[in-house]
Amino acid sequence: MDLGLNGKLAVVTGASKGIGLGIARGFAREGANVIVTARTRSAVDEAAADIAAEFGVEARGVASDVATAEGCEAIVGAAAEMGGADIFVSNAGTGSNETVMDAPDEKWLDFWNLHVMAAVRLSRGLAAQMADKGGGAILMNASICAVQPLWYEPIYNVTKSAMMMFGKCLSAELIDRNIRVNTVNPGLVRTPDWENTARELKGDRWEDYLQEVADEHATIRRFASVDEVADFCVFLCSERASYAVGSAVHVDGGMLKTV
Ligand code: NDP
Ligand code: SOE
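Computed from a predicted model, the values in this text were never measured in an experiment.

Undergrad: Sorry if this is basic, but what is going on with the pattern of salt bridges here?
TA: One side chain can pair with another of opposite charge once the charged atoms of both are near each other. Using the criterion set out here, one finds eleven salt bridges in the structure. Where R41 meets D45, a salt bridge forms, and the shortest distance between an N and an O atom there is 3.4 Å. Of this pair, R41 and D45 both sit in helix 2 (residues 41-55), four residues apart, which is roughly one turn of that helix. A relative accessible area of 45% means that R41 is categorised as partly exposed. Under the relative-accessibility criterion, D45 is labelled partly exposed at 35%. Residues D215 and R221 are paired through a salt bridge, measuring 3.7 Å at the closest nitrogen-oxygen approach.

Undergrad: Help me understand the site of ligand 1 in this model?
TA: Taken together, 28 residues sit near ligand 1, with S16, R39, T40, N91 and Y156 positioned nearest. Between R39 and ligand 1, the recorded distance is 2.8 Å, taken from a side-chain N or O atom to an oxygen atom. A distance of 2.6 Å separates an oxygen atom of ligand 1 from a polar atom in the side chain of Y156. Computed on the free molecule, ligand 1 has an accessible area of 890 Å², of which 91% lies beneath the protein chains in the complex.

Undergrad: Explain the site of ligand 2 to me, please; I cannot follow it from the model alone.
TA: Around ligand 2, the neighbouring residues are L5, K8, D86, I87, G135, G136, R180, C237, S238 and E239. R180 has a polar side-chain atom sitting 3.1 Å from an oxygen atom of ligand 2. E239 has a polar backbone atom sitting 3.4 Å from an oxygen atom of ligand 2. Out of a free accessible area of 300 Å², ligand 2 has 86% covered by protein chains. Along the lines of polarity and charge, the residues of the shell around ligand 2 split into three nonpolar, three polar and four charged.

What counts, and where the lines are drawn
Residues numbered from 1 in each chain as written. Chains lettered and ligands numbered in written order. Predicted model: local features only at pLDDT ≥ 70, side-chain atom pairs only at ≥ 80, totals over all residues. Heavy atoms only, no water. Salt bridge = Lys/Arg side-chain N within 4 Å of Asp/Glu carboxyl O. Helix = DSSP H or I, 4+ residues; strand = E, 2+ residues; numbered from the N terminus. Buried < 20%, exposed > 50% of the residue type's maximum accessible area, 1.4 Å probe, protein only. Near = heavy atom within 4 Å. Polar contact = N/O pair within 3.5 Å; in protein donor to acceptor, adjacent residues only side chain to side chain. Areas by Shrake-Rupley, 256 points an atom, 1.4 Å probe, with all protein chains shown as cover. Nonpolar A, V, L, I, M, F, W, Y, C, P; charged D, E, K, R; others polar.

In structure tokens form, the structure reads like this:
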């Protein structure tokens, strides 16, 4: 199936590792040029160089903090220099661990900036480029926690839920400009982050711990590989998914307990 992505420019935040890296590699595999962003300069440069070498596309690393307005502006500027974005995936993010009664306002605001304002600011800047090019696609990488909370991370749950609603509102506003906006809600995805957390919590028993987490939460009883989620994201941003508008799609191995 030709996804029609050859020569497009895809911007993926948080793409130095984990799901974001998988998504950026997925676009490049289809012939799209990519902008790979994260805060760590060495990591984005290495990821971009590896992608360019492996897939023969143009790949550029942008080191910036998407939780700030300046960090988002740097990404929008880089995309303009490469001819304007066709696709944007708002992926940078991280989990939390707190109680509502103990977490200070600052923590709420930090996560709001990282999960919601990054999506708002980057969508605003990059959608203008897409409109100039005749259309495009935007994808929010939220989480199954946007619709089914894990109780230890209320700030994560709330900000991911807001991100999903932002995607819905934006989809109605942008469809007249031929820009489709959707959300993907992954369940458990085996990333370095999960593996490191498991090692910290359980030492040598870390793989058993990951299996216990999968058994408890996902009816499929395993984590997703990065590529199982990334391929889905690439498809949703392609013209093969041209009737998907304002949708939130769960890719969660059966983790959601309701219909
Ligand atoms: P990782 O921790 O593996 O990667 C996170 C990426 O985001 C890194 O590239 C990191 O690089 C970058 N990043 C973090 N903070 C910022 C920031 N302020 N500005 C710019 N870049 C930043 O995460 P995952 O791949 O596991 O998760 C990616 C997304 O998927 C997240 O939004 C997460 O909530 C979501 N998700 C993950 C699931 C999972 O099971 N793994 C399940 C459901 C959703 P650097 O630190 O250098 O900035
Ligand atoms: C519009 O130009 C377009 O090709 C969309 O139709 C696709 O879905 C997206 O991949 C990029 O932009």
